[in-house]
Structures are given as structure tokens and as C-alpha cells.
Amino acid sequence: IATRRKFKCVACHHQFSVTSGTLFASRKLSFTDLLAAIVIFVNGAKGIAALQLSRDLDVQYKTAFVLTHKLREAMAREQEGRKLDGIIEIDGAYFGGHIRPENRKEDRRDRRLAANQTGKRQCVVVMRERGGKSLPFIVRNEGDAVPLVRDHVGTLATIHADEAASWDALHAGWQTWRVNHTVAYSNEGACTNQAESFFSRLRRMEVGTHHHIAGPYIGAYAREASWREDNRRLPNGDQAAKVGYAAMASRQSRQWAGYWQRAD
């Protein structure tokens with residue numbers, strides 16, 4: 001259609017654009033703003049806050065918030081069906097469920113006890129090839145990730161884990177090396193330093209950039225941190241191109257339909 005950037009099917013007369021059926025379907029932003037959003041988004045080493053992106057693009061906060069989540073969906077495409085092999089480091093860390101201590105000391109309770117917790121705390125477990133790719137998962141407790149290891153780690157792989165009892169079951173299926181972090185961070189070649197590097201980035205994304213990550217979204221932020229760790233050596237232009245290609249190759253988002261209408 002010469003008057004606007006659209007096409008029309010000669011058979012059914014349906015009109016569509018280059019973004020139809022992709023993550024950017026039903027877009028209201030211009031192509032220039034979408035490309036600028038991708039470049040700004042990948043340029044943040046520890047992520048970028050939706051509020052900052054809304055100011056950079058001069059759009060509403062909710063527009064920037066949903067757009068960044070669509071870009072996280074595009075990033076997650078790279079991890080679909082991924083199998084890990086070789087030397088695998090595995091570790092877990094807990095996020096969310098913060099309880100603010102009482103003002104007076106005599107009113108404060110031990111927040112480490114389950115009875116005094118909110119029940120909202122979630123565990124992010126990462127499996128990371130040494131010098132390769134990574135896979136994050138959200139579970140209730142570290143031990144719940146053992147079945148996921150069976151699904152995503154090759155049987156000939158060597159696993160490195162810390163001293164937590166959650167990982168004792170790994171010895172039955174893989175050659176497993178353990179390191180006691182109360183004694184050393186690396187001991188005779190056994191370490192989980194690259195898994196800790198992932199958590200360092202994710203923790204700084206939470207504390208320094210986003211300040212708070214709601215429970216339903218922790219998986220999206222974990223997959224974003226995984227993508228940034230896996231592609232940290234690529235130039236910014238190549239990172240932006242990868243996210244752009246992934247977004248155009250993705251189906252229309254079911255969770256983020258439109259710019260601020262949540263499906264659930």
C-alpha cells in the first residue's frame with residue numbers, strides 16, 4: 001500500500017506490516033523508537049530500568065515496562081531447548097520475600113526462620129558451562145532443581161557444586177566435584193565461580209538498577225542476566241542485532257498483548 005508502510009493480501013485482502021505476528025505486533029511506537037529501545041536496552045551492562053527507558057524514549061512508564069519485557073522474551077528464545085555438556089557449574093541463590101525489620105530491637109524476629117518469612121522467597125538456580133552457555137531456572141528450593149539437571153545436562157558432563165546438601169543427589173548420575181565455600185572458593189580445580197558471576201550480575205540488576213523485582217517476573221530477569229552473561233564479549237552492535245532478529249522471529253507475545261494489557 002503506497003500511502004503507508006503496509007501490505008495487502010491479494011487473496012483475502014488482509015492488511016499487514018513487517019511487524020505483524022511478531023513481538024512488535026500492534027505497535028504504536030515508530031520503527032526508529034523500537035530500534036533505539038533495543039540499542040539502549042542491550043547497552044546496559046546490568047540491565048536498564050523501565051523508568052529510565054521511558055525518559056529516553058519520551059514514552060509512558062508502562063509502555064517502556066512492557067517493551068522491555070518483550071525484549072526479555074526475545075532474549076529467552078536463545079535458551080530454548082538448550083543442552084549443556086562439558087564442565088557444568090551449578091549454584092542457587094534466593095531472591096524476594098524481604099521482610100523489613102521492626103523499629104524497636106525488642107520487637108525484631110529472626111528472619112532466617114521459616115515461621116517469620118513471607119513465603120514469597122524464590123530460588124534462582126543456574127547451570128553454566130565453563131566458558132560456554134548458561135541456563136537459569138526458578139524453583140522453590142535448591143534441591144528442586146535436581147530433576148531439571150537430568151533434563152538439560154548431558155550424562156557425560158562433569159558437575160561442580162558447593163557443599164549444600166541439595167546437590168548430594170547429583171553424585172548418582174554424574175561425576176561431581178564439590179567445594180566447601182566455608183573453607184575456600186576454589187579447591188583443587190573445583191569451583192562455582194562462573195555461576196557466582198551470574199548471580200553477581202543478577203543481584204546488581206535487582207539492587208542497583210531495578211531496586212525491586214516482583215515474584216512473577218524473576219524468571220524473565222534471570223533469563224535476561226543469563227543472556228547478558230553469555231553474550232558479554234560481543235560488541236554492542238552485534239548484541240542489538242541479535243535481540244532485533246530474535247524479536248522479529250518470535251510469535252506475538254501471549255503474556256504481553258498490546259503495550260500494557262497483561263493477559264494474566
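Going by the structure above, here's the rest.
Everything numeric here is computed off the predicted structure, so don't read it as measured data.

Trainee: Would you mind showing me how to read the packing of aromatic side chains here?
Mentor: For any two aromatic rings, the description comes down to two numbers: the centre-to-centre distance and the angle of the planes. Summed over all chains, the structure comprises six aromatic pairs. Measuring from ring centre to ring centre gives 5.8 Å for F7 and F16, while their planes differ by 25°; the resulting arrangement is stacked. Overall, F7 belongs to the partly exposed group, its relative accessible area being 43%. Both rings, one in F198 and one in F199, keep their centres 5.2 Å apart while their planes meet at 70°; by these two values the pair is edge-to-face.

Trainee: Looking at this structure, I do not really get the packing of helix 3 (residues 61–76) against helix 7 (residues 236–249). What am I missing?
Mentor: A pair of packed helices is characterised by two quantities: the angle between their axes and the separation of those axes. Orientation of helix 3 relative to helix 7, taken along the N-to-C sense of each, is 95°, at an axis distance of 8 Å. Taken as axis vectors, helix 3 and helix 7 run roughly perpendicular relative to one another. Across the interface between the two elements, L71, A74 and M75 of helix 3 pack against V243, A246 and A247 of helix 7.

Trainee: Is there a simple way to explain the pairing of strand 5 (residues 134–139) in this structure?
Mentor: For a regular strand, side-chain orientation follows a simple rule: the groups alternate between the two sheet faces. Among the six residues in strand 5, five count as buried, and that is most of the element. Two strands pair when backbone bridges link them, and strand 4 (residues 122–129) and strand 5 are joined in this way by six bridges, in the antiparallel orientation. Along strand 5, the bridge assignment pairs R128 with S134. Where strand 4 folds back on strand 5, the antiparallel hairpin that results is connected by four residues, among which G131 adopts a positive phi of roughly 80°.

Trainee: What is the right way to look at the side chain of S250 in this model?
Mentor: Tracing the sequence through the fold places S250 in the loop between helix 7 and strand 10 (256–257). Within polar-contact distance, the side chain of S250 engages the side chain of R77 at 3.5 Å.

Trainee: Hey, could you run me through helix 3 in this one?
Mentor: It helps to recall that an α-helix has 3.6 residues per turn; residues three or four apart then point in one direction. Taking 1.5 Å of rise per residue, the 16 residues of helix 3 would be expected to cover 22 Å, and the 23 Å separating its terminal C-alpha atoms lies within 8% of that figure. Within helix 3, 13 of the 16 residues are buried, leaving the element largely enclosed by the surrounding structure.

Trainee: Mind showing me how you'd approach a nonpolar patch on the surface here?
Mentor: A cluster of nonpolar side chains, F7, F16, V18 and M248, forms an exposed patch at the surface whose accessible area comes to about 350 Å². Assignment of secondary structure puts V18 in the loop between strand 2 (15–16) and helix 1 (31–43).

Trainee: Any chance you could explain the state of the cysteines here in plain terms?
Mentor: Such a bond, covalent and formed between the sulfur atoms of two cysteines, is termed a disulfide. Inspection of the entire model under this criterion finds zero disulfides. Not engaged in a disulfide, the cysteine C9 finds its nearest cysteine sulfur in C12; these two sulfurs lie 3.7 Å apart. In this structure C9 comes out as partly exposed when scored by relative accessible area, which is 26%. You can see C123 has no disulfide; the closest cysteine sulfur is in C191, sitting 19 Å from it.

Trainee: Mind showing me how you'd approach the sheet that holds strand 6 (residues 158–162) here?
Mentor: The strands that make up a sheet pair up through hydrogen bonds in the backbone, lying either parallel or antiparallel. Within the open sheet, the five strands sit side by side as 5-4-3-6-7. Their pairing is mixed. Pairing within the sheet leaves two strands with one partner each, and these edge strands are strand 5 and strand 7 (175–179). Neighbour to neighbour, the strand axes of the sheet diverge by 25° on average, direction disregarded. In this structure, strand 3 (residues 87–95) lies alongside strand 4, joined through eight bridges in antiparallel fashion. Bridge pairing in strand 4 places E89 opposite R128. On the sheet, helix 5 (residues 193–210) packs against strand 3, strand 4 and strand 5 and is oriented at approximately 30° with respect to strand 3. Strands strand 3, strand 4 and strand 5 of the sheet are contacted by helix 6 (residues 218–230), whose axis makes an angle of about 165° with strand 5.

Trainee: Teacher, can you tell me more about the pattern of salt bridges here?
Mentor: A side chain with one charge can pair with a side chain of the opposite charge if their charged atoms come near. This model, assessed by the stated rule, comprises eleven salt bridges. For E106, the salt bridge is made with R104, and the minimal N-O distance between the two is 2.6 Å.

Conventions we followed
Residues numbered from 1 in each chain as written. Predicted model: local features only at pLDDT ≥ 70, side-chain atom pairs only at ≥ 80, totals over all residues. Heavy atoms only, no water. Phe/Tyr/Trp six-rings, centres within 6.5 Å; stacked < 30°, edge-to-face > 60°. Buried < 20%, exposed > 50% of the residue type's maximum accessible area, 1.4 Å probe, protein only. Axes fitted to C-alpha atoms, helices over the stretch in contact; angles between N-to-C directions. Helix = DSSP H or I, 4+ residues; strand = E, 2+ residues; numbered from the N terminus. Parallel < 35°, antiparallel > 145°, perpendicular 65-115°, else oblique. Contact = heavy atoms within 4.5 Å. Pairing = 2+ DSSP bridges. Polar contact = N/O pair within 3.5 Å; in protein donor to acceptor, adjacent residues only side chain to side chain. Expected span 1.5 Å × (residues − 1). Patch = residues over 30% accessible without salt bridge, like charges linked within 9 Å, V, L, I, M, F, W, Y side chains within 5 Å. Areas by Shrake-Rupley, 256 points an atom, 1.4 Å probe, with all protein chains shown as cover. Salt bridge = Lys/Arg side-chain N within 4 Å of Asp/Glu carboxyl O. Disulfide = S-S within 2.5 Å.

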